[in-house]
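# Residue-level structural notes
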Amino acid sequence: MVGLDLLAEYLSKYSPILIFIVLALGFGLVTLALSYLVQPKYPEAEKLTTYECGSEPFSDSRMPFPIRYYVIAMLFVIFDIEVIFLYPWAITFYDLGIIGLIEMLIFIGLFVVAYVYAWQKGALEWD
Amino acid sequence: MVDVGIKLALTLTQIASVMGIVLLTVALLTLLERKVLGWMQDRMGPMEVGPYGILQPVADGLKLFFKEDIIPAGANRIMFSMAPVLSLVPALIGFAVIPFGPTWNVEWFGVEFKPFVISDINIGVLYILAFASIGAYGVILGGWSSNSKYSLLGGLRSAAQLISYELNVGLAIVGVLLLSSSLSMVTITEAQTGGFWRWYAFAPLPFPQFIAFVVFIIASVAETNRTPFDLPEAESELVAGFFTEYSGMRFAFFFLAEYANMILVSCVATVLFFGGWDAPLPFLQFHGSLEHLEWLSGMFWFTVKVYTFLFLFFWLRATLPRLRYDQLMRFGWKVLLPIALGNIVITSIMAYIFS
């Protein structure tokens, strides 16, 4: 019965959120559909060209972009996971006592080592 | 079975009112922003539509609704159409876990029910952060699928900015989670009730989270793409950034999402650092024989706090010039991140000493 009770509690707590997601999505799609029904539609070749300050677009936009963005994304993935590890520790802080504090200070120390390394390597520079 | 039906009806009513209030607030904010900016620059702001221009949002909304929705020939049609919705939905559903008033468990028609929060889940903070990250997909997909150089650059800049500052948001709230021992927005608010000296931004013991609050609010301004961090849509260099190619209702959706996000981060800042619906001084809250009216004063104070933060957003926009991109990245990674990390270390040590 314990498992079923837990399931019932989860359902009662998370079903409003699911309903909200469905309603928000519905609001978006219905508004777009209604707007589609009432709006004028006069497509012209000139109108549908890509905007480039009034001149003819001279190349495709699917072009390479600086590797910096990729490096930032990688750093984000690494650091964000470390931040997520801090959350369970933070909410059980008062139960863990001194052991938890010391362990997490070591963990944050490792975080800082990675951070200083990325800084020294110039991954955070932007020029 | 009847219980489930009543529960469903109550939940639907709640969701409909929250969505309605948020969308109306967005409409109001578009007017308020222009009025506030106008006053700060010693002019009147919009004055033409209705008395003192108060019907301007209606006129804007109708105009956008009836405008032709252009999809550029080179665009990736499916992603181009879906990106605005993908950007709007996460901004709206974050409100599902925000407690707008006192935590009551009332019984209506034999069903237990919390009137001022749609769902009190025990991972509320994590839920908001998770969906805030999904909002970044709308921005980058919109930028990439437009097949325009301005949009692509705007989308890339925006994605890098969003993820950089999201890290700081995530770090800034760890102190609050530590003090409240909970991820539930309701529990965090309840832990702060009793006056402004118990709000986490000011509570002197074990360590006031005011620095964390400043980091949080700066990172939130950056996450909502507001001035001085509005580089993704820097008009002078990128036309309109990731939504350059958008028109009509899809453009309006990006606009709605930006303003809904502003309201959401104001609500989150209110709940995490400023006690949510709690009154700054205890006697400013209805209690004792008037306790059944507590929700009225609670919602009043919540609204006051949220609008204070929204005013701050407008004020910043009127005051500060836009940062350069390298300054933006340097500030996020080299200034805010160490401060937020230091705050966690100090808070945890102080909390241990005073526990």
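Below you will find a few notes about this structure. (Residues numbered from 1 in each chain as written. Chains lettered and ligands numbered in written order. Predicted model: local features only at pLDDT ≥ 70, side-chain atom pairs only at ≥ 80, totals over all residues. Heavy atoms only, no water.)

Moving on, we get to the pattern of salt bridges. Residue and element names in this part refer to chain B. Counting across every chain of the model gives 7 salt bridges over all chains. A salt bridge links Asp60 to Arg34; its shortest N-O distance comes to 3.1 Å. Placement of the pair is Asp60 in helix H2 (residues 56–65) and Arg34 in helix H1 (residues 2–40), with a sequence separation of 26 residues. According to the relative accessible area criterion, Arg34 is partly exposed, its value standing at 36%. Of the charged contacts, one joins Asp326 and Arg324 as a salt bridge, the two residues approaching to 3.0 Å between their closest N and O atoms. When its relative accessible area of 49% is taken as the criterion, Arg324 is described as partly exposed. (Salt bridge = Lys/Arg side-chain N within 4 Å of Asp/Glu carboxyl O. Helix = DSSP H or I, 4+ residues; strand = E, 2+ residues; numbered from the N terminus. Buried < 20%, exposed > 50% of the residue type's maximum accessible area, 1.4 Å probe, protein only.)

Considered as a void within the structure, the largest pocket measures approximately 1,100 Å³ in volume. Forming the walls of the largest pocket are 36 residues, and the residues nearest its centre are B:Thr30, B:Asp60, B:Leu64, B:Phe255 and B:Tyr259. Mapped by element, the contributors of at least two residues to the lining of the largest pocket are helix H1 (2–38) of chain A together with H1, H2 and helix H10 (248–273) of chain B. The volume enclosed by the second largest pocket comes to roughly 620 Å³. Listed by contribution, the elements that provide at least two residues to the lining of the second largest pocket are H1, strand S1 (106–108), H10 and helix H11 (294–319) of chain B. Per-element accounting of the lining of the second largest pocket gives the leading share, 8 residues, to H1(B). (1 Å grid on protein atoms, 1.4 Å probe; cavity = no way out; pocket = protein on both sides within 12 Å on 5 of 7 lines; lining within 4 Å. Points joined across faces, edges and corners; volume = space filled by probe spheres on them.)

With that settled, consider empty space enclosed by the protein. All names here are of chain B. Under the criterion given, the structure shown has 2 cavities of 30 Å³ or more. Quantified by volume, the largest cavity comes out at close to 490 Å³. Lining the largest cavity are 34 residues, with Ala132, Glu223, Thr224, Asn261 and Val265 sitting closest to its centre. If you tally residues by element for the lining of the largest cavity, the top one is helix H4 (residues 124–145), at 9 residues. Broken down by class, the residue content of the lining of the largest cavity amounts to 22 nonpolar, 8 polar and 4 charged. (Nonpolar A, V, L, I, M, F, W, Y, C, P; charged D, E, K, R; others polar.)

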